[in-house]
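What follows is the residue order along each chain.
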Amino acid sequence: MGALVRMRLAAFTRGGRALPGLLGTLVVVGIIYGGGRSEAAEAYGFSAVALFPVIAWQAKLLLDTEPDVQRRLAVAVVGPRREVTAGLLAAAVVGLATVAFAMVLPWLFGSVTGPAGIAPGLWAHVAGLVAAVGLGALASRPVTRSTLYGIAVLVTGSVLAIVLGLNGSVAPWLAPPLMATARRLADQPGSASIATLTLQAVLWTAVVVAIYVRLRRTRS
Amino acid sequence: MQRFRFPGGRGRVTRVRLDGVSYRYGRRGAWVLRDVSLDLPAGGTAVVLGRNGVGKSTLLQLAAGVLRPSAGAVRERPGPVGWVPERFPADQPFTVDGYLAAMARVQRVADPAAVGVWIDRLGLTPYRATRLGELSKGTAQKVGLAQALIPGPRLLVLDEPWEGLDAAARDLVPAIVGEVTAAGGIVLVSDHRGETGRLPGATTWTVAGGTVTPGEATPGETAIIEIAVPAAEAEDAAAALRAAGHDVVAVRAKASV
């Protein structure tokens, strides 16, 4: 399976499809840290929220890179389960690279202070990353089949993830805990505990990935 | 030239067995195949006949494990499986060498020489460093054949090999099929042009109306349709009709009507 992950990452980076995600990440980092020095934990909380659509989009781009027949060739070789897993893993690797880039860059320019914020910041980014990979997979061509539906799923998912996470939302449990995590990192009163947020992120991702796996059973 | 030895009868599964397999695209799609049960033993070759769009490719992909049956199951399937799609997906940022090496790693091919052997035998040596997208259709199709043969398949599934491959490679196919079956492997070939004669001793199956019946379709009664097309397009029209599996009886000038 590692070989299939590597093959997909190679196709993704060589085809120039990695560029939009890189540019998106630069824009996000530029906006968040452009205004001056900020405290790491709080800045990272916002960065995790803003990177969610970027990483989801990247995951979709990665899964869309492979021609349909090549994906079927992979199924014939490694079986449907490993084929799906290899796609999600490759998307997660790209997401991790994006997170590393977005977290390290502000330190290089001296835009953040307070090393104590690094660990909670990493936690926030990883929680957002796994959820974003799930959304990107749901929006990918093998599931949505058309560009229009794919973009609709991606945009609707990203907007809902933020809107449903706002303070006073009617159904905060429907969204991945991006906004709640940002509030927690900004030490706002009444924030949920890290354990609760982690559980919510894990559950949300599990449900979305289960839907993806279920849909991929009949859509190849 | 270095010879490639197809692995012998390792493993317990030696046959392909479809048990009441049905397939449709999506939940509300029309059934492409209904309740198909087939059994192909070790060392067997089967040629799947039928018109275009009748479900031959679907049957092959179900047998290869590319598609999952909507109902029923493929009970036995030997591995490794080599599947040669009707059209090789050349829109990928790899060279011929890079692609085949990557596929060999995905296939966990133990013999490092296998890639070179098939590149050599299929005449791909001059194209080793060529990007897939720059290959002619026939050459790209050979890359599709190579990736399926490199793991030494015990089940080789060829979708319309007479269609995409150039003449030299077409002549190679019967020999390769013979080598796979001699080693106890199984070969499944689809063919809508009726070139089955190239594979003597093969079982034939005919796909029609969602079912698969053994043997070639009995011709039954035929009807002749006369079609008028502009003279300049006659050749293309005849080719299109042949491609759709029809028997073009004659092409003539309209003056005689």
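Here the structure is a predicted model, which means the values were calculated and not measured. (Residues numbered from 1 in each chain as written. Chains lettered and ligands numbered in written order. Predicted model: local features only at pLDDT ≥ 70, side-chain atom pairs only at ≥ 80, totals over all residues. Heavy atoms only, no water.)

Along chain B, the regular secondary structure elements total 7 helices and 9 strands. Here the C-alpha radius of gyration of chain B, 20 Å, is about what a compact globule of 257 residues would show, namely 18 Å. The principal-axis extent of the C-alpha atoms belonging to chain B is close to 65 × 45 × 40 Å. Out of the 257 residues in chain B, the part that is buried amounts to 49%. Partitioning the contacts of chain B with sequence separation of at least 6, the portion at a separation of at least 24 is 73%. When the accessible surface of chain B is totalled, it reaches about 12900 Å², and 50% of it is carbon and sulfur. (Helix = DSSP H or I, 4+ residues; strand = E, 2+ residues; numbered from the N terminus. Rg over C-alpha atoms; globule rule 2.2 N^0.38 Å. Buried < 20%, exposed > 50% of the residue type's maximum accessible area, 1.4 Å probe, protein only. Contact = heavy atoms within 4.5 Å. Areas by Shrake-Rupley, 256 points an atom, 1.4 Å probe, with all protein chains shown as cover.)

With that out of the way, let us pick up the sheet that holds strand β3 (residues 45-49) of chain B. Strand pairing in a sheet takes place through backbone hydrogen bonds and is either antiparallel or parallel in direction. Residue and element names in this part refer to chain B. If you walk across this open sheet you meet the 6 strands as β5-β6-β7-β3-β8-β9, and the pairing is mixed. A strand with exactly one partner marks an edge of an open sheet, and here the two such strands are β5 (81-84) and β9 (211-214). Between one strand axis and the next, the sheet turns through 20° on average, direction left out of account. As judged from the 5 bridges shared by β3 and strand β7 (residues 186-191), these two strands associate in the parallel manner. Across the sheet, the residue bridging to T45 is V187, located in β7. (Pairing = 2+ DSSP bridges. Axes fitted to C-alpha atoms, helices over the stretch in contact; angles between N-to-C directions.)

Our focus in this paragraph is the pairing of strand β1 (residues 16-24) of chain B. Residues and elements named next belong to chain B. Both β1 and strand β2 (residues 31-40) contribute to a ladder of 6 bridges, which runs antiparallel. What sits directly across from R17, in β2, is D39. Hairpin connection from β1 to β2: 6 residues lie between these consecutive antiparallel strands, with G26 at a positive phi of about 80°. Taken together, the 4 bridges between β1 and strand β4 (residues 71-76) define a ladder with antiparallel strand orientation. Bridge pairing in β4 links D19 to A73.

One can read the domain layout of chain B as domain 1 (16-214) and domain 2 (222-257). Spacing between the C-alpha centres of domain 1 of chain B and domain 2 of chain B amounts to 31 Å. (Domains from an automatic or database assignment.)

Next up on the list: unusual backbone geometry. Residue P80(B) follows G79(B) across a cis peptide bond; omega there is 0°. Position of P80(B) among the secondary structure elements: in the loop between β4 and β5. In this structure, R145(A) is a non-glycine residue whose phi angle is positive, near 65°. Position of R145(A) among the secondary structure elements: in the loop between α7 (141-144) and α8 (147-163). Phi at D35(B) is positive, roughly 50°, even though this residue is not glycine. Turning to its location among the elements, D35(B) is positioned in strand β2.

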